[in-house]
Amino acid sequence: MPTRGYAGCSAFLIMGLMVNSLKCWVRKIPMKAIVFYEQGGIDKLRYEEVPVPAIDSSEILVKVKACSVNHLDLRARRDRPEVQPFPHILGSDIAGEVVEVASDVHTVDVGAHVVLSPCIPCEQCPDCLNGDENLCDFQELLGFQTNGGYAEYVKAPAKNAVLISGALGYAEASAIPTAYLTAWHMLVTRAQIRAGDDVLILSAGSGVGSAGLQIAKLCGARVFATASTDKKLERARRMGAELTINYTRTDFSEAIRAETGGRGVDVVFEHVGAATWEQSVASLAKKGRLVTCGVTTGNMGQINIRQMYQKQLTIMGSALGTTSELRTIIRLAEQGKLTPVIDRVLPLRAAAEAHRILEARENFGKICLQPDDIGHTTGE
Ligand SMILES: [Zn+2]
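Model, not experiment: these values are computed from the prediction.

Cut-offs used in this document
Residues numbered from 1 in each chain as written. Predicted model: local features only at pLDDT ≥ 70, side-chain atom pairs only at ≥ 80, totals over all residues. Heavy atoms only, no water. Core = buried A, V, L, I, M, F, W, Y, C linked by side-chain atoms within 4.5 Å. Buried < 20%, exposed > 50% of the residue type's maximum accessible area, 1.4 Å probe, protein only. Domains from an automatic or database assignment. Contact = heavy atoms within 4.5 Å. Salt bridge = Lys/Arg side-chain N within 4 Å of Asp/Glu carboxyl O. Helix = DSSP H or I, 4+ residues; strand = E, 2+ residues; numbered from the N terminus. Polar contact = N/O pair within 3.5 Å; in protein donor to acceptor, adjacent residues only side chain to side chain. Nonpolar A, V, L, I, M, F, W, Y, C, P; charged D, E, K, R; others polar. Axes fitted to C-alpha atoms, helices over the stretch in contact; angles between N-to-C directions. Parallel < 35°, antiparallel > 145°, perpendicular 65-115°, else oblique. 1 Å grid on protein atoms, 1.4 Å probe; cavity = no way out; pocket = protein on both sides within 12 Å on 5 of 7 lines; lining within 4 Å. Points joined across faces, edges and corners; volume = space filled by probe spheres on them. Donors = N, O, S within 2.8 Å, 3.2 Å for Na, K, Ca; no water. Tetrahedral: all angles 85-135°; square planar, octahedral: opposite > 155°, others 65-115°. Phe/Tyr/Trp six-rings, centres within 6.5 Å; stacked < 30°, edge-to-face > 60°.

1. Topic: the nonpolar core
Ranked by internal contacts, the top residues of the largest apolar core, which has 92 residues, are Ile 60, Val 108, Leu 116 and Tyr 150. If you count residues domain by domain, this core takes at least three from each of domain 1 (18–175 + 340–378) and domain 2 (180–317). The residues touching Tyr 150, leaving out its near neighbours within four places in the chain, are Ala 33, Ile 34, Cys 67, Val 69, Asp 73, Ile 89, Leu 90, Gly 91, Leu 348, Ala 351, His 355 and Leu 369. Formed by 15 residues, the second largest nonpolar core is a distinct cluster that contains Leu 202, Ile 245, Leu 290 and Leu 313.

Structure, rendered in C-alpha cells:
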C-alpha cells in the first residue's frame, strides 16, 4: 500500500539521518591520545586531545579498549625514520569495539569486539599474492606508519579486524598480536617445531619470549629459558620451562651443553641480537635451527662458518606473521591453550611510565594501556 510504503521510506530516512548524525558526533568530538611532535626521549610523549580519525571507504573505526606496548614503540618514539605522520600516535596491538564501518565494508559490523592485525599489506605485490603478506615491501604497521592505538579511537582497514569472543578480555586480546604472531611465525611456520624438540627461549620475560615459551610448550617441546633476574626465571619455571638460566651471570651455551649431555638444543629462539648471538649459535645441536626476529642489542653478529656447515645448522629470519596466523592464535587463546602474560594494565595517560618500565626491562609479559582509566592493576 502507498501509505505503508511512504511510512517505511520515512522511517528508513530518519534512521539514515540518525546514523549520519551519529557519525558526525563521533568525528566532531575530540579524543584523548598520547602524541609526540618530534622523536626523542620519554618526555616527548604528551597526553592531549586530538580529532577522532575519519575513515575511508574500506575502513572501520574502533573504540580502543586496550592497547599493548611494544619495544618497537620505544624505537619509533626515539628515532626510527619510517614513523609517520606527525604528530604521531603509537600503538600496534589494539583490541576494542567497532563503532563505525564504511559503506564498502561488509565483513564486520558495528558493535563487534575485535583485535586488529597490526600489518597492513599492499595486497598487490608478488609477495602479497603468494600469501606472504609479512614479506610485503610496501606494508605499513599500525601505529608505526599510521596513527595507532594510544588513543580512545583508531581507524584501520576492515580486513585487519579479527573477531574475539567474550572468552577473551580486551587486555588479553591486545597482548596477543605482535608478540604471539611473531613467536608463532618463528616457531611454527619457520622453525617447524616438533614435539620432543629441545627449544631455548631467550629473554623469556619479554612479550615475545613469554609467547614463545607458551607456544613451544603447546607444541610439545622441552623448553629451556634465559632471563635477567631470578624472579623472571621463577615465572618462566612456573610457565613450564625445564631449565632456566640467568644470562647475566652464566654463559648460557655452556649451561645448555651441560644440561643436554653436550648435545645442544634443536631450536634457539633469538630476538636479542649482538649480545647473545655467539652463545645462541653455540647452543645449537647438530642440524639445529636458529630463528631470529630481532636485534635489540645490535645488528651485527659473527658465526664460525666451518662449525655451521659441519653441524649442518640452519639460520633463519622471521618477521611478524599473517592475519590468518593471528586467527589461529586467537582461537587457541579463546580455548585457553595460550594465555597472554600481562605484567600490568595502566591508564592511557601513563604511557610514559609504561615506556620507562619497558626500557628498564622491569616487566614480565606485556604492559597494556587502557583509555578511560578502566581499572588498572600492577602485576607481580
Ligand atoms: Zn604487498
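Text resumes after the structure shown.
2. Side note on the pattern of salt bridges
Under the criterion given, the structure shown has 19 salt bridges. Linking Lys 366 and Asp 93 is a salt bridge whose minimum nitrogen-to-oxygen distance equals 4.0 Å. Of this pair, Lys 366 sits in strand E17 (residues 366–370) while Asp 93 sits in strand E4 (residues 93–101), and the two are 273 residues apart along the sequence. One exposure class covers both Lys 366 and Asp 93, and it is buried. When salt bridges that share partners are traced, they join Asp 198, Arg 222, Arg 263 and Asp 266 into one network.

3. Here's the deal with the domain arrangement of the protein
Looking at the protein, the domain boundaries give domain 1 (18–175 + 340–378) and domain 2 (180–317). Placing the centre of domain 1 and that of domain 2 at their C-alpha centroids yields a distance of 30 Å. With 11 residues of domain 1 at the interface, the matching set in domain 2 holds 13 residues. On the surface where domain 1 and domain 2 come into contact, there are 0 salt bridges. Across the domain 1-domain 2 interface, the total number found is 4 residue pairs in polar contact (both at pLDDT 80 or more). In terms of residue class, the side of domain 1 that touches domain 2 is built from 5 nonpolar, 3 polar and 3 charged.

4. Focus: the packing of helix H5 (residues 177–190) against helix H11 (residues 323–334)
A pair of packed helices can be characterised by two numbers: the angle between their axes and the separation between those axes. It is at 10 Å that the axes of H5 and H11 come closest, and there the two elements cross at 105°. The angle between H5 and H11 places the two elements in the roughly perpendicular class. Here H5 contributes Pro 177, Tyr 180, Leu 181, Trp 184, His 185 and Thr 189 to the contact with H11, which in turn contributes Glu 325, Leu 326, Thr 328, Ile 329 and Leu 332. Residues of the contact of H5 with H11, tallied by class, amount to 7 nonpolar, 3 polar and 1 charged.

5. Side note on the layout of surface pockets
Empty space left among the atoms is revealed by rolling a probe the size of a water molecule over them. When its volume is computed, the largest pocket comes out at roughly 1,100 Å³. In this structure, the largest pocket is lined by 43 residues; those nearest its centre are Leu 72, Arg 75, Thr 178, Cys 293 and Gly 294. Counting residues per element, the ones that place at least two in the lining of the largest pocket are helix H2 (71–78), strand E7 (140–141), H5, helix H6 (207–218) and E17. Partitioning the lining of the largest pocket into residue classes produces 16 nonpolar, 20 polar and 7 charged. Each of domain 1 (18–175 + 340–378) and domain 2 (180–317) accounts for three or more of the residues forming the lining of the largest pocket. In terms of lining, the second largest pocket is formed by 20 residues, of which the most central are Glu 123, Pro 157, Ala 158, Lys 159 and Asn 160. Elements that contribute at least two residues to the lining of the second largest pocket include exactly strand E6 (119–120) and H11. For the lining of the second largest pocket, the element with the highest residue contribution is H11, accounting for 3 residues. Residue composition of the lining of the second largest pocket, by class: 6 nonpolar, 7 polar and 7 charged.

6. A short note on the packing of H2 against helix H12 (residues 351–359)
One way to put it is that H2 packs onto H12 with a least axis distance of 10 Å and a crossing angle of 110°. In terms of their interaxial angle, H2 and H12 are classed as roughly perpendicular. On the side of H2, the interface is formed by His 71, Asp 73, Leu 74, Arg 77 and Arg 78, while H12 contributes His 355, Leu 358 and Glu 359. Looking at side-chain class alone, the contact of H2 with H12 contains 2 nonpolar, 2 polar and 4 charged residues.

7. Looking at the coordination of the zinc ion
Ideal values differ by geometry: the angle at a metal is 109.5 degrees with four tetrahedral donors, but 90 or 180 degrees with six octahedral donors. In the first shell of the zinc ion, the protein supplies Cys 122 (SG), Cys 125 (SG), Cys 128 (SG) and Cys 136 (SG), at 2.3 Å from the metal. Geometry at the zinc ion is tetrahedral, judged from the 4 donor atoms that bind it and their angles of 105 to 117° at the metal. A relative accessible area of 13% places Cys 128 in the buried class.

8. Comments concerning the packing of aromatic side chains
Applying the stated criterion across every chain, the model contains 1 aromatic pair. Summarising the aromatic geometry, the rings of Phe 36 and Phe 86 are spaced 5.8 Å apart at their centres and angled 80° between planes, so their arrangement reads as edge-to-face. Taken together, the residues Phe 36 in the loop between strand E1 (30–35) and strand E2 (46–51) and Phe 86 in the loop between H2 and E4 connect sequence positions 50 residues apart. Residue classification places Phe 36 among the buried residues on the basis of a relative accessible area of 1%.

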